[in-house]
Amino acid sequence: MVNVTIDGKTIQVPEGTTVLRAAEQAGLKIPVLCDHPHLLPFGGCRLCVVEVEGMRTLQPSCSLPVSNNMVVRTNTEKVQAARKFILTLIFSDRNHFCPYCQVSGGDCELQNAALNLGMTHWEYQPNWKPYPVDASHEYLVIDHNRCILCRRCVRACGELVGNFTLGIEERGASSMLVCDVGVPFGESSCVACGTCSQVCPTGAIIDRRSAYQGLEKKTESTASICLGCSLGCGVNVLTRDNRLVRITGRWDAPVNAGVLCKLGRFLPLDEDRQRITTPLVRKDGKLQPATWDEALQAASLKLKPLAGKNGSGVAAIASPRLPVESLAAFKQLFKGGFRSDTVTTLEEGASTLAASALAAETGPFETDLSALEAADCVVVLGIDLAVEEQVLGFMVKRSLPSNTALVVIDAAENGFTPLARAALKPAAGAVNVALRGLSAAIRKLGLAKAGTNGKDAEAELKSAAEQSGILADQLVYAGGMIAKATRPVFIYGKNLNLADLKAAADLAALVGAGKNLIGARGAANSLAAAQLGLDQPFKRNGHQAVYVALGDDVPSQRLIQQLEGTPFLVVQAAYSSRLTAMADVVFPVEMWAETSGHYINIEGRVQGTAAALKPAAGVRSNLAALQAVAASVGLSAEADWQAALAERKAPVALALS
Amino acid sequence: MAKPKISSDWMCGCAGCHMSLLDIDERILTIAELTDIRATPITDLKEPDESGVDVGILEGGINNTANEEVAHRMRKRCKLLVALGDCAVFGGVPAMRNFFTIEEALRRAYVETESTDSEGKIPSDPELARMTRVRAIHEVVPVDIFLPGCPPDPDAIFYVLSELAQGRKPELKGDLLHWR
Ligand code: SF4
Ligand code: SF4
Ligand code: SF4
Ligand code: SF4
Ligand code: FES
């Protein structure tokens, strides 16, 4: 610890703390532009300058570490004059037209800094040389006229997303923000995660969907989580007049710390399906609007007699995007009440069956996401993180510059292959053979940390190479890399079957990283669904009725085909689809932003969503709809979800209360 | 003490700042009581008294030789000059035009505009003022008080006027200081 005196206040801070952070701890606010709490210090804009006793010139507080007994003054006349001058230069560097800038009036950190310093005007006029506006990107616009070259976006794209799309070309006054080697934004390697727009202090990177829809102070912000995949990234849902305006990543969220992917940030703003706001009942062959009572009566009339009729009763299928409260009630109603033999989710266990089976044998075998921070080798198995669980992919990508070795093993094409130090593409169905081959290679190399090393491994390696179609040399190269790592982490996805997963767990154990597995689950509540046993294959067979708790999910082509000709089809859904068009009764339910409920993420973390929008009057929550149906047939949909989740061994420790 | 004389004029703006001035509602009576309102674009008298005024207010940037004349005249005849609104302070929205040459801007306005018929031509009467780049007022004449905003808040305008009326120099900050 070192002592530092800032504006007369003496405090103790750990060595290496910057003057800026120390000042924050002392309760003082120093204005910044290039600095961002989630990015490494950069020291480019100089707005944060302070006076330090004994130092000849003003110093940038964001990148100056404190030294013992340092005396700092953050707001002297000299400092203020310097800051005004710095802003004056920044404003004259390019072209700022606040009256028609999207962020003017509160959301611009540059303008706010000027106003806080009492700047009523600019001493020097703008540059007047027109800078380009790049509107080639589907979701983002770069207006170089407003860019102050603070490089927050460049650093965020690299440090947080690991994508390194953005950079700065040229020097001094000719410096320009560029995408890749100078291609249009829309044709660049950008993955549209939007993190750059979230950190840009000015209106230089704005997102097209929410531009000019309202300053942050004119919107309401609701802290919630993204339901796009099983990662459960924390979001702020910005709404105005009960309309979705923007989604931002929550900096204080434990999973993603501010970063989101395109699926979480932008796709929900593109929603164009038609909303269902009133119950519908098929009369004379046509779906007609009805009251809840009428619809419940129509449903219960057909459903009630089917209770207990195994195989010819009611089959039920739910979306793994529903909150766990709804999933538990769904199970209670259809498994417990109707005693149906077919109660499952739209995923039919696809991304969880192998993990559940292994957990039943061994108990929890997975770790949480923090393991990735320390990993020096990441093995990606049967999942394309460029497409699925993308923020997990960002975590992997951003660790690569610090010399983390990436190994990709996938029988399918994989977007991470070009980034990998070793990429193995086993023949279809031979992932487990390849993994056993890696284990054999490691034993052959004498690098096994558990179990036996030995010469017998030679034959095993040879046959694995033959069967998997991977050269033995490659297996040895990749195996050596994994075995030499001190903290390898294995990320696996739904392309792994039980045999593959067991081989992966054995490989992990062999290199002394027994529980260092992370399993992607697919949907937001796939793990919860698996814990509730909602993971069987769906077959309609002789069932006389099918109940689909679709929520705001999209019904697959396959499901629609399977359900064609169902004698009686009930769907609870937020949006109309080909499935609701086939139904006999439709109950209108909430979409994600209207729902409050709980989700169990990839690492067993229990997180809540909060309702950011109010649904139309006729719309009920998924849980309320299920409970109403239960009441109408004289059954119960009450369930203690926490207890229900714990009934089965989980692949990862569940953080239940 | 005699009431301070106030005069205003507008140049390359949209009149919005003067609308915002009227938007101070009944407080205009307070101003009228404390000051002697002389020439403004919305009163009968159009030019500031040759004998001078205490406070001159100018809305809009300077975009031609006529504006230059207005600015110089006001500067000459007032003791304190107030730049009212973003156009006066920064150049504002009209200054976007500076991205183009004057010829391009004239051609766009008089020939290429969707509402112009094929006969459209650029006015060239020598009596007309000559167009220039759009400039903030302080690029042409010294300004004493900058009152930014597009338009400035009525509250900010009232604050500035009432301070000036009482012989104080206003200092905009906090909620009263904004650029739009
Ligand atoms: S980025 Fe900020 S300073 Fe620049 S025009 Fe927009 S609001 Fe004004
Ligand atoms: S959207 Fe994401 S990937 Fe694209 S440039 Fe911005 S930070 Fe980089
Ligand atoms: S685009 Fe924004 S974040 Fe990037 S350098 Fe320019 S001002 Fe900074
Ligand atoms: S990684 Fe998953 S949870 Fe995170 S933002 Fe993307 S879709 Fe949403
Ligand atoms: S915030 Fe310190 S130099 Fe930019």
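Within each chain, residue numbers correspond to sequence positions counted from 1 in written order. Chains carry letters from A onward and ligands carry numbers from 1 onward, assigned in written order. The model is predicted, so local features are restricted to residues of pLDDT at least 70 and side-chain atom pairs to those at 80 or more, both for listing and for counting; the totals for chains, interfaces and linings are taken over all residues. Computation of side-chain values covers all heavy atoms of the structure but excludes hydrogens and water.

Peer 1: Can you help me understand the environment of Gly60(B) in this one?
Peer 2: All names here are of chain B. Every helix listed is a DSSP run of H or I at least four residues long, and every strand listed is a run of E at least two residues long, numbered separately from the N terminus. Here glycine 60 lies in the loop between strand S3 (53-59) and strand S4 (62-64). Any residue under 20% of the maximum accessible area for its type is buried, any over 50% is exposed, and the rest in between are partly exposed; the area is computed with a 1.4 Å probe on protein chains only. When its relative accessible area of 1% is taken as the criterion, glycine 60 is described as buried. Counting along the chain gives 16 residues from glycine 60 to lysine 76, while the straight-line C-alpha distance between them is 18 Å. Residue contacts are defined here by distance: any two heavy atoms, one from each residue, within 4.5 Å place the two residues in contact. Leave out the neighbours within four places in its chain, and glycine 60 touches Met11, Cys12, Gly13, Leu84, Cys87, Ala88 and Ile137.

Peer 1: Please clarify how the site of ligand 2 should be interpreted in this entry.
Peer 2: Neighbouring ligand 2 are Leu140(A), Cys157(A), Asn163(A), Leu166(A), Phe185(A), Cys190(A), Val191(A), Ala192(A), Cys193(A), Gly194(A) and Cys196(A). Ten residues, namely Ala, Val, Leu, Ile, Met, Phe, Trp, Tyr, Cys and Pro, are considered nonpolar, four, namely Asp, Glu, Lys and Arg, are considered charged, and the remaining ones, Gly among them, are considered polar. Among the residues making up the shell around ligand 2, the classes are represented as 9 nonpolar, 2 polar and no charged. Throughout, near means a residue has at least one heavy atom within 4 Å of the molecule or strand.

Peer 1: Which parts of the structure should I look at to understand the pattern of salt bridges?
Peer 2: Note on pairing: side chains with opposite charge can pair once their charged atoms come close. Salt bridges, as used here, are contacts in which a Lys or Arg side-chain nitrogen is within 4 Å of a carboxyl oxygen on Asp or Glu. Applying the stated rule across the entire model yields 37 salt bridges over all chains. With a shortest N-O distance of 2.7 Å, Glu594(A) and Arg275(A) are connected by a salt bridge. With Glu594(A) in the loop between strand S25 (585-588) and strand S26 (597-600) and Arg275(A) in the loop between helix H6 (262-265) and strand S14 (280-283), this pair connects stretches of sequence that are 319 residues apart. A relative accessible area of 25% places Arg275(A) in the partly exposed class. A cluster of three or more residues bridged by salt bridges with shared partners is formed by Asp9(B), Glu47(B), Arg73(B) and Arg77(B).

Peer 1: Sorry, what's going on with the pairing of strand S5 (residues 70-73) of chain A here?
Peer 2: Both faces of the sheet carry side chains from a regular strand, because those side chains alternate between them. Residue and element names in this part refer to chain A. On S5, burial follows the alternation: Met70 and Val72 on one face are buried, whereas Val71 and Arg73 on the facing-out side are not. A strand pair is defined by DSSP finding two or more bridges across the two strands. In this sheet, S5 lies alongside strand S1 (residues 2-6) in parallel orientation, the contact comprising 3 bridges. By the bridge assignment for S5, isoleucine 6 is matched with valine 72. Examined bridge by bridge, strand S3 (residues 49-52) and S5 share 2 bridges and lie antiparallel to one another. Paired with valine 52 across the strands is valine 72, a residue of S5.

Peer 1: Which parts of the structure should I look at to understand the side chain of Ser197(A)?
Peer 2: All names here are of chain A. Along the chain, serine 197 falls in helix H5 (residues 195-199). Look at serine 197 and you get buried, because its relative accessible area is 17%. Definition of a polar contact: a pair of N or O atoms within 3.5 Å, with one able to donate and the other able to accept a hydrogen when the atoms are protein atoms, and with sequence-neighbouring residues admitted only if both atoms are side-chain atoms. Polar side-chain contacts of serine 197 include one of 2.8 Å to the backbone oxygen of glycine 194. For serine 197, the residues in contact, after removing those within four places along its chain, are Leu140 and Ile205.

Peer 1: Sorry, what's going on with helix H2 (residues 77-93) of chain A here?
Peer 2: An α-helix turns once every 3.6 residues. As a result, residues three or four positions apart point the same way. Residue and element names in this part refer to chain A. Working rule for helices: expected span equals 1.5 Å times residues minus one. Over its 17 residues, H2 extends 24 Å from the first C-alpha to the last, a length consistent with the 24 Å expected when each residue adds 1.5 Å. The complete set of buried residues in H2 reads Val79, Ala82, Arg83, Ile86, Leu87, Thr88, Ile90, Phe91 and Ser92. Lining the buried residues of H2 we find S3, S5 and helix H3 (109-116).

Peer 1: Please clarify how unusual backbone geometry should be interpreted in this entry.
Peer 2: Most peptide bonds take the trans configuration, and most residues that are not glycine carry a negative phi. For the peptide bond that leads from Cys150(B) to Pro151(B), omega is -5°, which places it in the cis range. As for its placement among the helices and strands, Pro151(B) is situated in the loop between strand S7 (145-147) and helix H6 (154-165). Positive phi, normally seen in glycine, also occurs at Asn403(A), with a value near 70°. Assignment of secondary structure puts Asn403(A) in the loop between helix H11 (390-399) and strand S19 (405-409). Despite not being glycine, Ala15(B) shows a phi value in the positive range, around 75°. Take Ala15(B): it is sitting in the loop between strand S1 (5-10) and helix H1 (16-22).

Peer 1: For this particular structure, what's the right way to read the sheet that holds strand S2 (residues 36-37) of chain B?
Peer 2: Two pairing modes exist for strands in a sheet, parallel and antiparallel, and in both the strands are linked by backbone hydrogen bonds. All names here are of chain B. Sheet architecture is open: 5 strands sit in the order S2-S1-S3-S5-S7, paired in parallel fashion. At either end of the open sheet lies a strand with only one pairing partner, and these are S2 and S7. Relative to strand S5 (residues 78-84), S3 runs parallel, the two sharing 6 bridges. If you follow valine 55 over to S5, its bridge partner there is leucine 80. Lines fitted to the C-alpha atoms define the axes, with helices restricted to the stretch that makes contact. Angles between their N-to-C directions range from 0 to 180 degrees. Against the sheet, H6 makes contact with S1, S3, S5 and S7, and its axis sits at roughly 160° relative to S7, the strand it touches most.

Peer 1: For this particular structure, what's the right way to read the packing of helix H2 (residues 27-34) of chain B against H6(B)?
Peer 2: Residues and elements named next belong to chain B. Their axes nearest at 10 Å, the elements H2 and H6 cross at an angle of 20°. One finds that H2 runs roughly parallel with respect to H6. Between H2 and H6 the crossing geometry is left-handed. The residues of H6 that touch H2, namely those facing Arg27, Thr30, Ile31 and Leu34, are Pro154, Asp155, Phe158, Leu161, Ser162 and Ala165. Tallied by class, residues from the contact of H2 with H6 come to 6 nonpolar, 2 polar and 2 charged. Each angle gets one of four labels, with under 35 degrees taken as roughly parallel, over 145 as roughly antiparallel, 65 to 115 as roughly perpendicular, and the rest as oblique. Here a crossing is called left-handed whenever its near helix is offset anticlockwise from the far helix by less than a right angle, and right-handed whenever the offset is clockwise.

Peer 1: Which parts of the structure should I look at to understand the packing of aromatic side chains?
Peer 2: Both the distance between ring centres and the angle between the ring planes are used here to describe each pair of aromatic rings. Aromatic pairing here means that ring centres of Phe, Tyr or Trp (its six-membered ring) are within 6.5 Å. Orientation follows from the plane angle: under 30 degrees is stacked, over 60 is edge-to-face, and everything else is tilted. Evaluated as defined, the whole model comprises 13 aromatic pairs over all chains. Put simply, the rings of Phe91(A), Trp122(A), Phe90(B) and Trp179(B) touch in pairs and so form one group of aromatic residues. When the NZ atom of lysine or the CZ atom of arginine is within 6 Å of a ring's centre and also within 35 degrees of its normal, the charge is said to sit over that ring. The ring of Trp292(A) has Arg620(A) lying over it, and the distance from NZ or CZ to the ring centre is 4.0 Å.

Peer 1: Looking at this structure, how should I read the pairing of strand S23 (residues 545-551) of chain A?
Peer 2: Residue and element names in this part refer to chain A. Burial analysis of S23 places 7 of its 7 residues in the buried class, which makes it a mostly covered element. Residues Ala545, Tyr547, Ala549 and Gly551 point to one face of S23 and Val546, Val548 and Leu550 to the other, with burial holding for every one of them. Examined bridge by bridge, strand S16 (residues 314-318) and S23 share 5 bridges and lie parallel to one another. When the sheet's bridge partners are listed, alanine 315 is paired in S23 with valine 546. By the bridge criterion, 6 bridges tie S23 to strand S24 (residues 568-573) in an arrangement that is parallel. Its bridge partner lying in S24, valine 548 is registered against valine 571. Note that the unit made of S23, helix H17 (residues 557-563) and S24 has a crossover that is right-handed. Here, the term right-handed applies to a crossover whose path from the first strand over the helix to the second runs clockwise when the strands point away from the viewer.

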